Amino acid sequence: MADPFEEPDDATPLTPDERKGLVPADITDRHELNRAEQQNITRAQDWALSGRRNVLTEKFVKDLHLRMLGDVWRWAGNFRTSERNMGIPYYDIPVALRQLLADAAVWIEHNRTLRVRRKCSQLGTAYLRVVCSFLQLCVLLAQCIVLLFQLLHTSYCGFTPSR
């Protein structure tokens, strides 16, 4: 009889100890395992998107992993403890995760700072446009006053000022 957990080429291989970590006893093959994992992942996604959370913490990542796989695997929510032929060595995961989260926080803050600077620049440009428009209006108003003065002066004095 074939192994009910025979992995397809694109699946993460399971060690015998990891298979013992399977929570539901009624899962008998890889198809059922994938379906159970997908149902958990969908619920975890709903949880993650349901409110404001600080996603840039190790605790959040572990909680999300637990919610994604906790009904299927006993080891869910914990860092890997065995080597895989993928990614980075299992013992580097905690440090690499912390570095990734710290980098992401810097990227977000940098992007936020750039957005604030861009907005300030846009506001500054708009302010300068308003000030320039106001100054142009003042110049225009001054020209009108001079013209009005000239007209009034001419009407009352019969005098036309020379230019």
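Structure: see above.
Residues numbered from 1 in each chain as written. Predicted model: local features only at pLDDT ≥ 70, side-chain atom pairs only at ≥ 80, totals over all residues. Heavy atoms only, no water.

A. Representation of the overall build of the protein. Secondary structure assignment for the protein yields four helices and zero strands. In the protein, the succession of α and β elements from N to C terminus is α-α-α-α. By residue count, 17% of the 163 residues in the protein fall in the buried class. Look at the contacts in the protein between residues 6 or more apart in sequence, and 48% of them connect residues 24 or more apart. Accessible surface, the protein as shown: approximately 12700 Å² in total, 61% of it carbon and sulfur. (Helix = DSSP H or I, 4+ residues; strand = E, 2+ residues; numbered from the N terminus. Buried < 20%, exposed > 50% of the residue type's maximum accessible area, 1.4 Å probe, protein only. Contact = heavy atoms within 4.5 Å. Areas by Shrake-Rupley, 256 points an atom, 1.4 Å probe, with all protein chains shown as cover.)

B. Quick peek at the side chain of N40. Here N40 shows up in helix 2 (residues 30-49). Within polar-contact distance, the side chain of N40 engages the backbone oxygen of A36 at 3.1 Å. A polar contact is formed between the side chain of N40 and the side chain of R43, at a distance of 3.0 Å. (Polar contact = N/O pair within 3.5 Å; in protein donor to acceptor, adjacent residues only side chain to side chain.)

C. Summary view of the packing of helix 2 against helix 3 (residues 58-69). Direction vectors running N to C along helix 2 and helix 3 enclose 140°, while the axes themselves pass 6 Å from each other. In terms of orientation, helix 2 and helix 3 fall into the oblique class. Packed against helix 2, whose contacting residues are E37, N40, I41, A44, W47 and A48, the element helix 3 presents F60, D63, L64, R67, M68 and L69 at the interface. When grouped by side-chain class, the residues that make up the contact of helix 2 with helix 3 number eight nonpolar, one polar and three charged. (Axes fitted to C-alpha atoms, helices over the stretch in contact; angles between N-to-C directions. Parallel < 35°, antiparallel > 145°, perpendicular 65-115°, else oblique. Nonpolar A, V, L, I, M, F, W, Y, C, P; charged D, E, K, R; others polar.)

D. Region of the structure containing a nonpolar patch on the surface. A grouping of L100, V106 and W107 is seen on the molecular surface, where their side chains present a nonpolar patch of about 340 Å² in accessible area. With respect to the secondary-structure elements, W107 resides in helix 4 (residues 93-157). (Patch = residues over 30% accessible without salt bridge, like charges linked within 9 Å, V, L, I, M, F, W, Y side chains within 5 Å. Salt bridge = Lys/Arg side-chain N within 4 Å of Asp/Glu carboxyl O.)

E. Expanded view of the environment of E83. Take E83: it is sitting in the loop between helix 3 and helix 4. Residue E83 is classed as partly exposed on the basis of its relative accessible area, which comes to 41%. When near neighbours in sequence (up to four residues on either side) are disregarded, E83 contacts I88, P89, Y90 and Y91.

F. Summary view of the pattern of salt bridges. Scanning the entire structure with this criterion turns up four salt bridges. One salt-bridge network, held together by shared partners, links E58, K62 and R98.

G. Molecular detail of the packing of aromatic side chains. Per the stated rule, a full pass over the model turns up three aromatic pairs. Ring geometry for W47 against F60: centres 5.6 Å apart, planes inclined by 15°, an arrangement best described as stacked. With W47 in helix 2 and F60 in helix 3, the pair connects residues that are 13 residues apart, well separated along the chain. The pair W47 / F60 is uniform in exposure class, with both members buried. Measuring from ring centre to ring centre gives 5.1 Å for W73 and W75, while their planes differ by 25°; the resulting arrangement is stacked. Under the relative-accessibility criterion, W73 is labelled buried at 2%. The exposure class assigned to W75 is partly exposed, which follows from its relative accessible area of 31%. (Phe/Tyr/Trp six-rings, centres within 6.5 Å; stacked < 30°, edge-to-face > 60°.)

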